[in-house]
Amino acid sequence: GKGIAVFTSGGDSQGMNAAVRACVRMGIYLGCKVYFIREGYQGMVDGGDNIVEANWASVSSIIHRGGTVIGSARCTDFRQREGRLKAAQNLIKKGITNLVIIGGDGSLTGANLFRQEWSSLLDELLSTSRITADEKKKNGVLHIVGMVGSIDNDFCGTDMTIGTDSALHRIIEAIDAIVSTAYSHQRTFIMEVMGRHCGYLAIVAALASEADYIFIPEDPVEVNWPDALCDKLQQERNAGQRLNIIIVAEGAIDREGKPITAEDVKKVVVDKLQQDTRITVLGHVQRGGNPSAFDRVLGCRMGAEATLALMEATETSVPCVVSLDGNQAVRVPLMECVEKTKAVAQAMADKNWELAVKLRGRS
Ligand code: F6P
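Criteria and thresholds
- Residues numbered from 1 in each chain as written.
- Predicted model: local features only at pLDDT ≥ 70, side-chain atom pairs only at ≥ 80, totals over all residues.
- Heavy atoms only, no water.
- Near = heavy atom within 4 Å.
- Polar contact = N/O pair within 3.5 Å; in protein donor to acceptor, adjacent residues only side chain to side chain.
- Areas by Shrake-Rupley, 256 points an atom, 1.4 Å probe, with all protein chains shown as cover.
- pLDDT = per-residue confidence, 0-100.
- Salt bridge = Lys/Arg side-chain N within 4 Å of Asp/Glu carboxyl O.
- Helix = DSSP H or I, 4+ residues; strand = E, 2+ residues; numbered from the N terminus.
- Buried < 20%, exposed > 50% of the residue type's maximum accessible area, 1.4 Å probe, protein only.

### Let's talk about the site of the ligand
Consideration 1: Contacts to the ligand come from Arg-74, Ile-151, Asp-152, Met-194, Gly-195, Arg-196, Glu-250, His-284 and Arg-287.
Consideration 2: At 3.0 Å, a side-chain N or O of Arg-74 approaches an oxygen atom of the ligand.
Consideration 3: The contact in question runs from an oxygen atom of the ligand to an N or O atom on the side chain of Arg-287, over 2.8 Å.
Consideration 4: Burial of the ligand by the surrounding chains reaches 73%, relative to a free accessible area of 400 Å².

### Observations concerning the confidence of the model for the chain
Consideration 1: When the pLDDT values of the chain are averaged, the result is 96; 99% of them are 70 or greater.
Consideration 2: Overall fold confidence for the complex sits at a pTM of 0.96, while the interface term, ipTM, reaches 0.98.

### Some remarks on the pattern of salt bridges
Consideration 1: Enumeration according to the criterion identifies 18 salt bridges in this entry.
Consideration 2: Arg-84 is the partner of Glu-117 in a salt bridge, and the nearest nitrogen-oxygen pair spans 2.7 Å. Taken together, the residues Glu-117 in helix H4 (residues 105-127) and Arg-84 in helix H3 (residues 81-93) connect sequence positions 33 residues apart.
Consideration 3: Its relative accessible area of 15% is what places Arg-84 among the buried residues.
Consideration 4: Of the charged contacts, one joins Glu-312 and Arg-331 as a salt bridge, the two residues approaching to 2.9 Å between their closest N and O atoms. With Glu-312 in helix H10 (residues 293-312) and Arg-331 in strand S12 (residues 328-333), the pair connects residues that are 19 residues apart, well separated along the chain.
Consideration 5: Its relative accessible area of 33% is what places Arg-331 among the partly exposed residues.
Consideration 6: Three or more residues are tied together by salt bridges with common partners; here these are Arg-81, Arg-84, Glu-117 and Glu-124.

Printed below as a string of structure tokens:
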């Protein structure tokens, strides 16, 4: 059978284990030899015990666990050609020419470059006698398929990334806890949530928790935001509300691109309204803990589809990423999604907020 390897790369997220499990079991079911690569690209470069064959039982009892049981890393070696040569050699020695990558857009881009470079890597490995002519012939084409594991939901081309739903559960639980203490003391709380350059977690958490104000990167507030914020908070208090909740995405900025931090917001609220104000930074709590039912099922469906996509890949087929479209796991061209995700970043760098919001929307 075909040699398939699955690995997780970049920041972890809840539901990655479900995806790994589904890949492995679908692969075994279809008669493949399936391997784990531990510690992401670093394990691929280092080889040895990092690349191990998986069996049906080795993915038992992981579906409920947060993080990624096979480890993840941000790898600099793989950025160098020598690192990629070592990685290719390690894969070829095990007959692996099919890769499942679970990671963010950077990890997926890296895999695509690796695939494009594959035959030149093989040429160099052969000319330096690190592989045989027979090995080169048997492993001539590398197939890849991606899945996006990230709590940020920052990837264009999928409705949801693996981990976002669990992170939202964690955020909502934390805000509910904060609301009860805020109510008692008539306080204002500023909650900082994750999301790097994406405001999805902040927006959905705000809607679901009845927050009064949010600050996000893609649709920044006007530079006179302190007045608008205070008017809104005061209005809510005048209407009888005993507390205020403000959500600040970690990448929040104003229209001129200047960062807005939880501290900045607190200063405004205290100076202008003299409200008793506290800050809570949720941090990595959002990325930890058990995956929600949604993320487990999402990981299962995407993982199974990823293995099927590899089985059907041909020399000329375009590499895909498995995405969620409504309620369906579908295959979409990997690099189209990566390019669109990069276009959002560019639009934000150009302060073209309208375009950033439009591109972020469902395609
Ligand atoms: O991409 C996931 C994420 O949690 C972001 O929301 C956050 O900006 C970043 O990773 C934090 O990175 P690290 O775990 O390396 O501190």
